[in-house]
Each structure stands twice: as C-alpha cells, then as structure tokens.
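Descriptive structure summary
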Amino acid sequence: MAKLFEPFQLKSLSLRNRVVMSPMCMYSVWAEDGRLNDFHVTHLVSRAVGGAGLVMVEMTDVDPDGRITVRDSGIWDDRHQGALAAIGEQVHHYGAAFGVQIAHAGRKAQSESLSPVGPSAIPFSDRYRVPHALTTDEVRQMVDRFRAGAARAVAAGVDVIELHGAHGYLVHQFMSRVSNQRDDVYGEPTQFGREVIGAMRSAMPVGMPLFMRVSGTEHSPLGYGLDDLVTMARVFQAAGVDLFDVSSGGNLPVSVAEFPGYQVPYAEAVGRSTRAPVMAVGCLDDYALAESVVAEGRANLVAIGRGMLRDPYWANSAALALGEHTLLPAQYHRAIPMDRR
Ligand SMILES: Cc1cc2nc3c(=O)[nH]c(=O)nc-3n(C[C@H](O)[C@H](O)[C@H](O)COP(=O)(O)O)c2cc1C
C-alpha cells in the first residue's frame, strides 16, 4: 500500500489518506461580504469527490480589513457560518475531512476600501500602503477576533482549524523584525502568535487539532532563518499547536526559485525539532515525489495546491498511478481498470 494512502489520525481528526488540498484564495466572494458561495461549493466539494483526505478552505479572515481583497472569505460574523457548514456537510459526505485556514492579512490588505494594519508602520513594499501600527489595546482586540473566528468555525462543523502564520500575513508579520519593530510586549516575536493560539484553543474542543502554517525561512538575511523558525515553532507548540504546515517566504518582496520538494527540508527540520507531525507543501504534485516524502518519513501529510487546481481528482490520479485501489466514488467504479476493482 502506498504510504500516501494510509489513514492518518491526530486527536479527533481522522483522514482517509495523507493528501491535503492546500488552502488557496479564490478571490471569488462576488458579494464582497465574506460569505462563501456556489463557486466555493463546487470548488471545494469536487476535491473531496476527487479523493483528498482533507479539504482546507482558503485563508478566511477574522476582520473585514484583514482581507487581501474584498473578494476574500471571512469569518468575522456569525452570518459566515451557514455557507461554511453547508460545504462541510458535502465534503464529509464524500469522505474527506474539512478544515478552514483562519487568518488576517495585516499590512498585505490590498483593496482600496480596506485599511491595512500591522505591528509597525512599515509597508510590505513600495507598491503597498503604509499600515496603521496597531496600538497595544488594538492588538489585544485582534487576539479576540481570532478566538471568535475559531468559535464560528467550530460551530460550522469543521474537523480542524489551521492558523495562518506564514506568507507575510499578520501573525507572520509579528514574528519578523522586518515588519515588527514594536517596543511594547508584542515586540517579542512569538507573543502575538502565542496569545492567538491560546485564544483559538480556548474556543476549540480539546480533541480538535490546531494546525499552524509557518514560513520556514524568509529567504533573506534581513529576516529570520530556519533555526529561528524552529525555535519559534517550539514555543507555538507549547502554546497549543498540534501540527505544523511548513511553507516559506512571503514577508519580503524577494523572488524564490521553486523546484520539486524545495520546502520539504523546512518541514523535516520542524518535525525533527518539535517531534510534532508536519505537513509539507510546494511543488509536490509529482505522485512519486509526494509518496516518497511520506514514505521516507520526511512529512506526515502532503498539501497540494496548484496540482489540484489543474486536476481536482489529483488524489485519485495519484492513487491509480501508485497502484492503489482507487478512491473514486461508487458511481464511477466502471472507470477503474478491471484488475483493480
Ligand atoms: C491561487 C492560490 C491561492 C493561494 N492562497 C493561499 C491561501 O489562502 N493560504 C495559504 O496558506 N496559501 C495559499 N497559497 C499557497 C498554496 O497553499 C501552496 O502553499 C502553494 O501554492 C505551493 O503549493 P503548490 O506548489 O502545490 O501549488 C495559494 C496559492 C495559489 C496558487
């Protein structure tokens, strides 16, 4: 049996396999009210039909101003729960687990009508606006927004929540001296993240795992490196993170050469040091490569982004290519080669 298709259990979360649909902003909330719509139903449920073990909803923001664009998903209001719950129900129906990535864009809010905020009044680049530096009180209120967002996600029936601490969004902004030059208690790089994790945990059932996406390195001598990140990950783990989803970059406008598996060493390092399970992501859509990452114990889960945009059935395609019995729903079994039925 391919290791990629072995089940995975973490606390109350049961996955049928190790394939995760990576969170991806679709910029398709046409009503600009944060509410997921018919597009998201088809988009997310089709990846459950396509065999993914876990379907993770795109970056979903705890504050209207915490969006990148006005067409992003939101969880700042109870009105957001219904659509999320309806999608989750269908995702479950097709055998996948359902999660949501909770976030705040901070200084990376781009739509003209949104007001960017950040740890300090430092813009991401000269093409971005200067963010309002949050006061100490405003940071405390922000922590509470993450708690409320997590509570709404739980009420909507998710199996897992991922905190977005990567790609230069608000939690990451606090972790880096590039964007955080505060002189209050939140100048310490892990303080905000720790409080957010504690607040989210307080709104989640004890058995529900909390994932955290982190950037393993900032790809610049100006920012933090892998060793610093590993130290911060240990702190976040002690605060309540159960699994790290390890990506990289996003907090400085630098371009990074991507190649198959280029971020796997970061996931491995975090896993080795924290002994927490890890998810690898980034150019892993070659089936044999994805299988080897799990089989060699380099990561517990593999997240697929663009590969699943190209092929909603990526998990099924991988299963067939790796000689597995297929995951196709019963209605489609005539499509399975005879010797695999
Ligand atoms: C259209 C698009 C939207 C994305 N939005 C998010 C997001 O909401 N949250 C996040 O953590 N990563 C986001 N990402 C990054 C992906 O989750 C993933 O980490 C990245 O694409 C690398 O994986 P891949 O090579 O399999 O695509 C996005 C990527 C794409 C292509």
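Residues numbered from 1 in each chain as written. Predicted model: local features only at pLDDT ≥ 70, side-chain atom pairs only at ≥ 80, totals over all residues. Heavy atoms only, no water.

1. Here's the deal with the site of the ligand
Selection rule: A single heavy atom is enough: if one lies within 4 Å of a molecule or strand, its residue is considered near that molecule or strand. Throughout this description, a polar contact denotes any pair of N or O atoms lying within 3.5 Å of each other; where both atoms belong to protein, one of them has to be capable of donating a hydrogen while the other can accept it, and for residues adjacent in sequence the pair is counted only when both atoms sit in side chains. With a 1 Å grid spanning the protein atoms alone, the term cavity applies to any set of points in which a 1.4 Å probe fits but cannot get out, the term pocket to an open set with protein on both sides within 12 Å along at least five of seven lines, and the term lining residue to any residue with an atom within 4 Å of a point. The way we define it, a molecule is inside a pocket or cavity when more than half of its atoms are within 2 Å of that pocket's grid points.
Residues in close proximity to the ligand total 15 residues, the closest being Ser22, Pro23, Gln101, Cys283 and Arg306. Taking serine 22, its side chain carries an N or O atom lying 2.7 Å from an oxygen atom of the ligand. Between a nitrogen atom of the ligand and a main-chain N or O atom of cysteine 25, the distance comes to 2.8 Å. The pocket occupied by the ligand, as judged from atoms lying within 2 Å of grid points, is the largest pocket.

2. Section: the packing of aromatic side chains
Here the distance between the centres and the angle between the planes together describe a pair of aromatic rings. The condition that has to hold: Whether two aromatic rings pair depends on their centres lying within 6.5 Å, for rings of Phe, Tyr and Trp, where Trp uses its six-membered ring; planes under 30 degrees apart make the pair stacked, over 60 edge-to-face, and the rest tilted. Numbered from the N terminus, helices here are DSSP runs of H or I no shorter than four residues, and strands are runs of E no shorter than two. Relative accessibility under 20% of the residue-type maximum defines a buried residue, over 50% an exposed one, and the middle range a partly exposed one, all with a 1.4 Å probe and only protein chains included. Lysine and arginine charges are scored as sitting over a ring when NZ or CZ, respectively, is within 6 Å of the ring centre and within 35 degrees of the ring normal.
Summed over all chains, the structure comprises six aromatic pairs. Arranged with centres 6.1 Å apart and planes meeting at 80°, the rings of phenylalanine 146 and phenylalanine 192 form a pair that is edge-to-face. Residue phenylalanine 146 is located in helix α3 (residues 136-155), and its partner phenylalanine 192 is located in helix α5 (residues 191-202); the two are separated by 46 residues in the primary sequence. Assessed through its relative accessible area of 0%, phenylalanine 146 is described here as buried. Ring centres 5.8 Å apart and planes at 55° place the aromatic pair phenylalanine 259 and tyrosine 262 in the tilted group. Given the relative accessible area of 49%, phenylalanine 259 is considered partly exposed. Put simply, the rings of Phe146, Phe174, Tyr186 and Phe192 pair up and form one aromatic cluster. Between lysine 108 and the ring centre of phenylalanine 124, over which it is positioned, the NZ or CZ distance is 4.5 Å. For lysine 108, the ring lying beneath its charged end belongs to tyrosine 169, and the centroid distance is 4.9 Å.

3. Brief notes about the nonpolar core
Rule in force here: For this analysis, a nonpolar core means a set of buried residues of the types Ala, Val, Leu, Ile, Met, Phe, Trp, Tyr and Cys, connected via side-chain atoms within 4.5 Å. In what follows, a contact means two residues having at least one pair of non-hydrogen atoms within 4.5 Å.
Of all hydrophobic cores here, the largest spans 82 residues; its most connected members are Phe146, Ile161, Phe192, Met200, Met212 and Phe244. No other element matches the six residues that α3 contributes to this core. Excluding its chain neighbours within four sequence positions, the residues that come into contact with phenylalanine 146 are Val62, Ile102, Ala103, His104, Leu163, Val171, Phe192, Val196 and Met200. Core analysis: the second largest hydrophobic core is formed by 15 residues, Leu13, Leu15, Phe211 and Leu243 among them.

4. Here we look at the pairing of strand β13 (residues 301-304)
For clarity, the cut-off: The pairing criterion for strands is at least two bridges between them, as found by DSSP.
Here β13 shows no split at all, with Leu301 and Ala303 on one side and Val302 and Ile304 on the other all buried. Here strand β3 (residues 19-21) runs beside β13; their pairing, made up of three bridges, is parallel. What sits directly across from valine 19, in β13, is valine 302. Both strand β12 (residues 278-281) and β13 contribute to a ladder of three bridges, which runs parallel. Of the residues in β13, the one forming a bridge with methionine 279 is leucine 301.

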